[in-house]
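Residues per chain are reported as follows:
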Amino acid sequence: MRNNSILTAVLGVLIGAMAVSFFFQVRERKALYNTQYRDWRKLNLILEQIDANYVDTVDKKALTDAAVEAALSKLDPHSTYMPPQVREESDNSLAAGFDGIGIQFNVPNDTAVVIESIPGGPAQKCGVLAGDRLLMVDDVNIAGVHYPQDSMVRRMKGPAGTKVKVTVKRDGEVIPFEITRGKIPMHSVDAAFMTSATDGYVRVSKFSRSTYEEFVKAIAGLRAQGMEHLVVDLRDNSGGYFDQALMMSNLFLPKDSLIVFLEGRKRAREDYRADGRGPYQDLPVSLLINEGSASSSEIFAGALQDNHRATIVGRRSFGKGLVQEPINFTDGSGIRLTVARFHTPSGRCIQKPYTEDYAFEVYKRYAGSEMVQKDSMKIENGGIIPDVFVPLDTTRASDFYIKCNKKASALRFASHYFDKHHAELSAIDDYAQLLDYLDRAELDKQFLQFVKKTDGLVPKKGEWEDSKDYMMTQIRALVGRYSALSDNAFYHIYLSIDETFAAAVKQRVFPSGERQFARMGTP
């Protein structure tokens, strides 16, 4: 009996072990779904298993967003996922207009100061003026608390027809405004003016839906004033809509000139050519670029350079030559997926290589020699290589200048000065009159008194003499921006110390490719 009992027990253990083994084998067999790395089913199956079996409640939205972002991050640096709010902000940044109150402001320290109340906008109609300090939006305090600038913008924006309460401080008086939001135009041509009897200057800050229209209007106005040479400033223009760059290029190119072509694994080569109806095919053009010029800026610059229709002046551009296709979803989110690469007419790929430190590649240019040595620029590194290289100038940065720059002393002084002189500055709408006013204002003495009192900064022996011309030009430009001339005054004054612009006016390219002046190389 005892032996039988032992046998029974052993058999029971074996049968139990077999049952457990069989149970797990069944589970394993059930988990062997038919997936291979060449298809996409595995991702869906994993998410389904998490939803069906995970121990805790799952935030499906967060998990899906994370999975999409992780997948896109393995492609290239510019294929991205945008949640609804991010996509909306991205679309608005390039739209021809938006809903809001219509002000431009900066934050020189911890309080936002209105630079411009956009003409005809809701804020101007209510009485908001340049120089007003923004204290509150509705019941939220935004002054003196280092409130994020993008959060200020979001609070003031909103659907047209809705109301927002904006409280400002002016000449020591606190003034509340109830403003009904409206449609606000967004401009991408920041400035357009004549710099001499024959040279015209246009600054394009981005390629938005209205850029071409604004650009044509600006050039027409300058031509009417006698412009014979156009300087287009694309520095720090990060791009935007492709079609705007095409239409702008078409203004200057003969019929059938290749503007750009794109090509990708699933996209056959596609050429874009000029139609020959551009009215400025005989106008000499110079384009200013730097390491912040990207995308559509590079398409425009590459088209005019390869067709010998412009002299490119400055430093190598950013190197973003990817065709990104928007794919939007019903929940308001979307992705921007890279589907091809842009090439200049001569066949150069605009896109720079995908390196491990891609996001910091421009900083490496500063750390290396490319910003000061022309020979360090290589075509294989992507971007547009300028015809005339202008190195970064590091000789003007005294210790006093650097300390003032860190404290935004020039911005704060300009705002401080406008507080005391807003009536006279706001009335100036003529550039010659503005220069005469600034010459008589003794801004240098007032600035030195201001930084000594507010920041405890006093230049050492020789520092002010070394930096004065450079710093005072910037200060005059910042003060001039508060005049009725706005950004036209700022850029016009600043160009007097701009070596890249100085190099550009020495160069003129005619449709034949001949230059009016000998190439100067590095100025």
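Structural data are supplied above this passage.
Residues numbered from 1 in each chain as written. Predicted model: local features only at pLDDT ≥ 70, side-chain atom pairs only at ≥ 80, totals over all residues. Heavy atoms only, no water.

**Q** A description of the packing of helix α12 (residues 409–426) against helix α14 (residues 443–455) should follow, citing residues and the corresponding values.
**A** Between α12 and α14, the least distance of the axes is 10 Å, while the angle of their chain directions is 110°. Regarding the angle of α12 to α14, the classification is roughly perpendicular. As for how α12 packs across α14, the hand of that crossing is right-handed. Taking contact as the criterion, the partners of Ser409, Ala410, Arg412, Phe413, His416 and Tyr417 in α12 are, on α14, Leu443, Gln446, Phe447, Phe450, Val451, Thr454 and Asp455. Broken down by class, the residue content of the contact of α12 with α14 amounts to seven nonpolar, four polar and two charged. (Axes fitted to C-alpha atoms, helices over the stretch in contact; angles between N-to-C directions. Helix = DSSP H or I, 4+ residues; strand = E, 2+ residues; numbered from the N terminus. Parallel < 35°, antiparallel > 145°, perpendicular 65-115°, else oblique. Left-handed = near helix turned anticlockwise from the far one by under 90°. Contact = heavy atoms within 4.5 Å. Nonpolar A, V, L, I, M, F, W, Y, C, P; charged D, E, K, R; others polar.)

**Q** Explain the sheet that holds strand β12 (residues 229–233) residue by residue, including any values.
**A** A sheet is described by the order of its strands in space; here six strands give the open sequence β10-β11-β12-β15-β16-β19, paired in mixed fashion. Looking at the sheet topology across the chains shown, the edges are occupied by β10 (189–194) and β19 (388–389). Relative to strand β15 (residues 285–289), β12 is paired through four bridges, and the arrangement is parallel. Paired with Val231 across the two strands is Ser286, which belongs to β15. (Pairing = 2+ DSSP bridges.)

**Q** Lay out the nonpolar core in plain terms, naming residues and giving numbers.
**A** Core analysis: the largest hydrophobic core is formed by 47 residues, its most contacted members being Phe400, Tyr417, Leu425, Leu434, Leu443, Phe447 and Val479. In contact with Val479, not counting residues within four places along its chain, are Ala414, Tyr417, Leu425, Leu438 and Leu443. Leu253, Ala303, Phe342 and Ile350 belong to the second-largest nonpolar core, a separate cluster that totals 41 residues. (Core = buried A, V, L, I, M, F, W, Y, C linked by side-chain atoms within 4.5 Å. Buried < 20%, exposed > 50% of the residue type's maximum accessible area, 1.4 Å probe, protein only.)

**Q** Describe the packing of aromatic side chains, with residues and values.
**A** This model, assessed by the stated rule, comprises 20 aromatic pairs. An angle of 85° between the planes, with centres 6.3 Å apart, marks the rings of Phe215 and Phe300 as edge-to-face. Taken together, the residues Phe215 in helix α7 (residues 211–224) and Phe300 in helix α9 (residues 296–306) connect sequence positions 85 residues apart. Exposure remark for Phe215: the relative accessible area of 0% places this residue in the buried category. (Phe/Tyr/Trp six-rings, centres within 6.5 Å; stacked < 30°, edge-to-face > 60°.)

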